[in-house]
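The lines below spell out each chain.
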Amino acid sequence: MALAASLITPLAQAEVQSPPQDPFRECVGELQTKAVAAGVSEPVAGEVLAKVEHLDRVIELDRKQPEFTTTFEDYLNRRVNARRILEGRLLLHTHSDLLQRVTRETGVPGPYLLAFWGLETNFGSYFGNMSVPSALATLACDPRRSSFFTTQLIAALQIIDEGAIPAEQMEGSWAGAMGHVQFMPTVFLQHAVDADGDGRRDLWNSLPDALMSAGKFLQAMGWNSDYRWGREVILPAGFDYALADGQRRPLSDWRAMGLRDAFGQPLVNADIQAALIIPSGHRGPAFLAYHNFKVIMGWNRSEFYALSVGHLADRIAGAGGLQNPPPEDLPKLSRASIEAMQQALNDQGFSSGEPDGIMGPATRRAIRQFQSANQLIADGYPDQGVFEALGITL
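For every chain, the first residue of the written sequence is number 1, and numbering continues from 1 along that sequence. Predicted model: local features are reported for residues with pLDDT of at least 70 only, side-chain atom pairs are reported and counted for 80 or more only, and whole-chain, interface and lining totals are derived from all residues. The basis for every side-chain value is the complete set of heavy atoms in the structure, and neither hydrogens nor water enter the calculation.

## Details of the overall build of the chain
Here is step 1: Helix and strand assignments come from DSSP, with helices taken as H or I runs of at least 4 residues and strands as E runs of at least 2, each series counted from the N terminus. In terms of regular secondary structure, the chain is built from 18 helices and nine strands.
Here is step 2: Once the C-alpha set of the chain is aligned to its principal axes, its extents read approximately 100 × 60 × 35 Å.
Here is step 3: By residue count, 48% of the 394 residues in the chain fall in the buried class.
Here is step 4: Only heavy atoms enter the contact rule, under which two residues are in contact if any of them lie within 4.5 Å. Within the chain, residue pairs in contact and separated by at least 24 positions form 65% of the contacts whose partners lie at least 6 positions apart.
Here is step 5: The sign given to each residue is positive for Lys and Arg and negative for Asp and Glu; His and the chain ends receive no count. We put the charge of a Lys on NZ, of an Arg on CZ, of an Asp on CG and of a Glu on CD. Each charge class in the chain was averaged separately, 33 positive and 45 negative side chains, and the resulting centres sit 6 Å apart. Burial classification: accessible surface area is computed with a 1.4 Å probe over protein chains only, and a residue below 20% of its type maximum counts as buried, one above 50% as exposed, and the rest as partly exposed.

Here is the structure:
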C-alpha cells in the first residue's frame, strides 16, 4: 500500500497543480487593481486591460539607441523643408479663424501652433498606429521605466473612462503619445480642452480641440505673448564661444559684445534675457533664445527640436531662410566615437563625466576647455579637429 501510495501521490499532485502564470497577464492584473484604486471605473479597467497585448516591437523601440548622432543640418532640413513651409502657410490661411481664436485665448500665435502640429504629426497626416493601451501596458510591465508608464497607462484609462475616445480607437506612438499634437496621457488630462463644444476632449478627430489644447499647454508652461522664441544672430570676429554656455544675459549685454541680428543690424538695447545657442559650432548659425524657447523645450527637451519649431514658425509667418545655414559637410558621429572622445578628454584632465556617447553640457564644456588649451576655436563642438587633436580616427 505504501508503494502504491508513493506512485499515485505525484500523479495526483500533478493533476491539481496550477498552470504556470503568464508574467505579463499577472502584471496586467496588478495594473488593473492600481487603476481602479486611482479612480478608473471597474468595467473600463477590466474590459480594456483584458484586451491589451504585449507588444515586442514597443520594447525593441524603447531599447533602440541610434548608432549615429544626427547633425543639426540634417535634423533641421528634414523638419523644416519647402513642402512643410508651403503647407503651413496654406493652413495658416485655411484655419485663420480657429488660429486667431486660440491666440486670443492663450497668447500663442498661429504660426507656432502650426509648427508644433507640423513637427508632431505632419499636420495630422500620421498619428502613429500603435494601440496606446497595449503599448503603455507593455512598458508599464517592463522594469526599465515601469513607474512612469504605469502612471501614463492609468491616465489613458481615465481618458477612455471619461468618454473622450473608445479604447479600440486610441492609437498613437509606441510610447503612448496621441492625437494631432501627440500629447502623453497625463498631459491630455491636465491640458486638453473641449474647444468645439461637443462635450468631449477629442485630440484625434477635432482640430479645434487639438490646437486649443496645444495653446493651453504652452500657456500653462508660461508662454509670453509679448516676445518671439528667439532669433538668428551674427557674432563678431574673435567672439568668445565660452559665452554659449546656456547662461541667460540681457539683450543689451549681447549688443554691447557686438552681436547683430541676421541682417547685420544692431540688437535692440533692451533688458530681454537671452541665451546663446550654437548648434553646429563656429561655422554654423548662432541664435539668441528668449523665454519662449524654454517653453518650447518644456514640450520636447531637445534643443534641435526647439530651434526647428521656432524656425518653422518664422518661415510659416513669411520669413526667409537662415542667413548662415548649418554646414552640410559635418559628419554624423557614432555614439562609439563620442564615447571614445569623452574618455580621451577625461584622460587628459578635461572632465566630461561618465562616457556615455551622448553630447551634453559637461561634454561641451570639456571640449571647450580642451580646444582652448590646444589653440583651437573653443566653440564646444566636436569637429574633425577635436578628434584629430585627441588622436581619435573617425
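## A look at unusual backbone geometry
Here is step 1: Phi is positive for Phe 123, close to 60 degrees, though the residue is something other than glycine.
Here is step 2: Among the secondary structure elements, Phe 123 is positioned in the loop between α8 (110-121) and β2 (130-131).
Here is step 3: Under the relative-accessibility criterion, Phe 123 is labelled buried at 8%.
Here is step 4: Even without a glycine there, the phi angle at Gln 182 is positive, about 55 degrees.
Here is step 5: Inspection of the secondary structure assignment puts Gln 182 in the loop between β3 (171-172) and α11 (185-191).

## Considering the pairing of strand β4 (residues 230-234)
Within a regular strand, the side chains alternate between the two sheet faces.
Here is step 1: Only strands joined by at least two bridges in the DSSP assignment are considered to pair. In this structure, β4 lies alongside strand β8 (residues 286-289), joined through four bridges in antiparallel fashion. Bridge pairing links Arg 231 to Leu 288 in β8.
Here is step 2: The pairing of β4 with strand β6 (residues 260-261) spans two bridges and is antiparallel. Within the sheet, the bridge partner assigned to Ile 234 lies in β6 and is Arg 260.

## What about the state of the cysteines?
Here is step 1: Only a pair of cysteine sulfur atoms within 2.5 Å qualifies as a disulfide here. Overall, the coordinates contain one disulfide when judged by the stated rule.
Here is step 2: The disulfide partner of Cys 27 is Cys 141, and the S-S distance across this bridge is 2.0 Å. Its S-S torsion of about -95 degrees marks the bond between Cys 27 and Cys 141 as left-handed, since a negative value means left-handed. Note that Cys 27 is positioned in helix α2 (residues 23-37) and Cys 141 in the loop between α9 (132-140) and α10 (146-161), a separation of 114 residues in sequence.

## Remarks on the side chain of Ser 173
Here is step 1: Its place among the elements puts Ser 173 in the loop between β3 and α11.
Here is step 2: For Ser 173, a relative accessible area of 18% corresponds to the buried category.
Here is step 3: In this structure, Ser 173 is in contact with Phe 127, Gly 128, Met 130, Ala 135 and Gln 182, ignoring residues within four places of it in sequence.

## Regarding the packing of α8 against helix α15 (residues 303-316)
Here is step 1: The angle between two axes is taken between their N-to-C directions and runs from 0 to 180 degrees, where each axis is a line fitted to C-alpha atoms and a helix contributes only its stretch in contact. Two elements in contact, α8 and α15, have axes whose closest approach is 8 Å; the angle formed by their N-to-C orientations is 125 degrees. One element, α8, and the other, α15, form an angle in the oblique class. Pair α8 / α15 crosses with right-handed handedness. Along the contact surface, α8 presents Pro 111, Tyr 112, Leu 114, Ala 115, Phe 116, Leu 119 and Glu 120, while α15 presents Tyr 305, Ser 308, Val 309, Leu 312, Ala 313, Asp 314 and Ile 316. In what follows, roughly perpendicular refers to angles from 65 to 115 degrees, roughly parallel to angles under 35, roughly antiparallel to angles over 145, and oblique to any angle outside these ranges. Should the near helix be turned counterclockwise from the far one by less than a right angle, the crossing is left-handed, whereas a clockwise turn marks it as right-handed.

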